[in-house]
Amino acid sequence: MNSFIYYCLAFLFLIIQTSALDSFIPSAISPDLLSVLVVYIAMTRKFKQGLIFILFSSYVFSLHTSINFFVFSLFYIVAYSVARYISLNFYTNDLKYLFLSISMPVFFSKITMMFWLGINTFSLFLEHFFYVIVCTILTSAAGIILFRLFNWIDVVTKKINIESVVEE
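Definitions and cut-offs
Within every chain, residues take consecutive numbers counted from 1 along the sequence as written. Whole-chain, interface and lining totals are the exception, using all residues; otherwise, since this is a predicted model, local features are given only for residues with pLDDT of at least 70 and side-chain atom pairs are given and counted only at 80 or more. With hydrogens and water excluded, all non-hydrogen atoms of the structure serve as input to the side-chain values. In the cavity and pocket records, a cavity denotes points on a 1 Å grid over the protein atoms alone where a 1.4 Å probe fits but cannot get out, a pocket denotes an open set with protein on both sides within 12 Å along at least 5 of 7 lines, and lining residues are residues with an atom within 4 Å of a point. Grid points are joined across faces, edges and corners, and a volume is the space filled by probe spheres set on the points. Numbering of helices and strands runs from the N terminus; a helix is a DSSP stretch of H or I covering at least four residues, while a strand is a stretch of E covering at least two. In the scheme used here, Gly and all other residues not listed as nonpolar or charged are polar, with Ala, Val, Leu, Ile, Met, Phe, Trp, Tyr, Cys and Pro taken as nonpolar and Asp, Glu, Lys and Arg as charged. To count toward a patch, a residue needs a relative accessible area over 30% and no salt bridge; like charges are then connected within 9 Å, while nonpolar side chains (Val, Leu, Ile, Met, Phe, Trp, Tyr) are connected within 5 Å. Using a 1.4 Å probe, the Shrake-Rupley method yields the accessible areas, and only the shown protein chains count as cover for residues. A carboxyl oxygen of Asp or Glu within 4 Å of a side-chain nitrogen of Lys or Arg is what we treat as a salt bridge. Any two rings among Phe, Tyr and Trp, with Trp reduced to its six-membered ring, count as a pair given centres within 6.5 Å; such a pair is stacked if its planes are under 30 degrees apart, edge-to-face if over 60, and tilted if neither. When checking whether two residues touch, look at their non-hydrogen atoms; a contact exists if any pair is within 4.5 Å. Throughout, nonpolar core names a set of buried Ala, Val, Leu, Ile, Met, Phe, Trp, Tyr and Cys residues whose side chains join them through atoms within 4.5 Å. Only protein chains enter the area calculation, which uses a 1.4 Å probe; residues under 20% of their type maximum are buried, those over 50% are exposed, and those in between are partly exposed.

### So, empty space enclosed by the protein
Summary: where empty space remains is shown by rolling a probe the size of a single water molecule over the atoms.
Here is step 1: According to the stated counting rule, one finds two cavities of 30 Å³ or more in the structure shown.
Here is step 2: Of all elements in the fold, only α1 (2–20) and α3 (47–65) reach the threshold of two or more residues within the lining of the largest cavity.
Here is step 3: At three residues, the largest contribution of residues to the lining of the largest cavity is made by α1.
Here is step 4: In terms of residue class, the lining of the largest cavity is built from four nonpolar, two polar and one charged.

Here it is in C-alpha cells:
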C-alpha cells in the first residue's frame, strides 16, 4: 500500500512539475519535485526498492517528455547514490541536515545533466550554472515541506514509527 502511494505521487509530481509549475515559474528554475521524491526514497527505503522506484520514475518521465529513458535513469541514479551516501554516513536529524541532504543530490544530478548536454562556451556554462543553483535552492525549500508530507504518509501507513521522523 505504501509503495502504491509513492508511485501515485510520482505521477502527480510529474503532472505538477511539467504543466502547472511551468505556467508560473520558468522551467529552467522550477523545483524538481520528482527528485525530492527520489531523495526521500533513497533515505528511507532499501536499495532494491529504491532502484525499482528510480527505474519507474525514469520511465514515466521519459514517456511524458519523450527524452531517452537511460538519460533520466542516469540523472536519478546519481541523485539516488549521493542521497543514499549522505543518509547512511552523515545523519544528524536537524533542519540543516535535511536541506543539505536534499540539495547535494539534486545539485550533483543537475551538474551531471549540464555536462551531459555538452555546454562548451563559458558564458553559456555560467548561465546554466546559475539556473542549477537556483533550481537546487528552490527544490531544497520545496523538499523540506514535502518531506513532512512523506513522513506523515509513512507514519499513517505504519511504514516507519514516529521516533524516526525528521524533526525541526
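### Focus: a nonpolar patch on the surface
Here is step 1: The grouping of F99, L100, M104, F108, I133 and I137 at the surface amounts to a nonpolar patch, some 480 Å² of accessible area in total.
Here is step 2: Contributing elements (two or more residues each) for the nonpolar patch: α5 (95–117) and α6 (122–156).
Here is step 3: Counting residues per element, the nonpolar patch draws most heavily on α5, which supplies four residues.
Here is step 4: Within the secondary structure, F108 sits in helix α5.

### Some details on the packing of aromatic side chains
Here is step 1: Enumeration according to the criterion identifies 17 aromatic pairs in this entry.
Here is step 2: Between Y7 and F53 the ring centres are 5.4 Å apart and the planes differ by 35 degrees, which places this aromatic pair in the tilted class. With a gap of 46 residues between them, Y7 in helix α1 and F53 in helix α3 connect regions that are remote in the sequence.

### Concerning the environment of V78
Here is step 1: Within the secondary structure, V78 sits in helix α4 (residues 69–89).
Here is step 2: V78 sits 27 residues away from P105 along the chain, and the two C-alpha atoms are 7.1 Å apart.
Here is step 3: If we ignore the near neighbours within four places in the chain, the residues touching V78 are F108, S109 and T112.

### Notes on the nonpolar core
Here is step 1: Grouped together as the largest cluster of nonpolar side chains are 35 residues, with contacts concentrated most on Y6, F13, L37, I102, F147 and F150.
Here is step 2: Within the residue set of this core, elements represented by two or more residues are α1, α2 (33–44), α3, α4, α5 and α6.
Here is step 3: Ranked by residues supplied to this core, first place goes to α2 with 10 residues.
Here is step 4: Other than its neighbours up to four places away in sequence, F13 contacts L33, L34, L37, L146 and F150.

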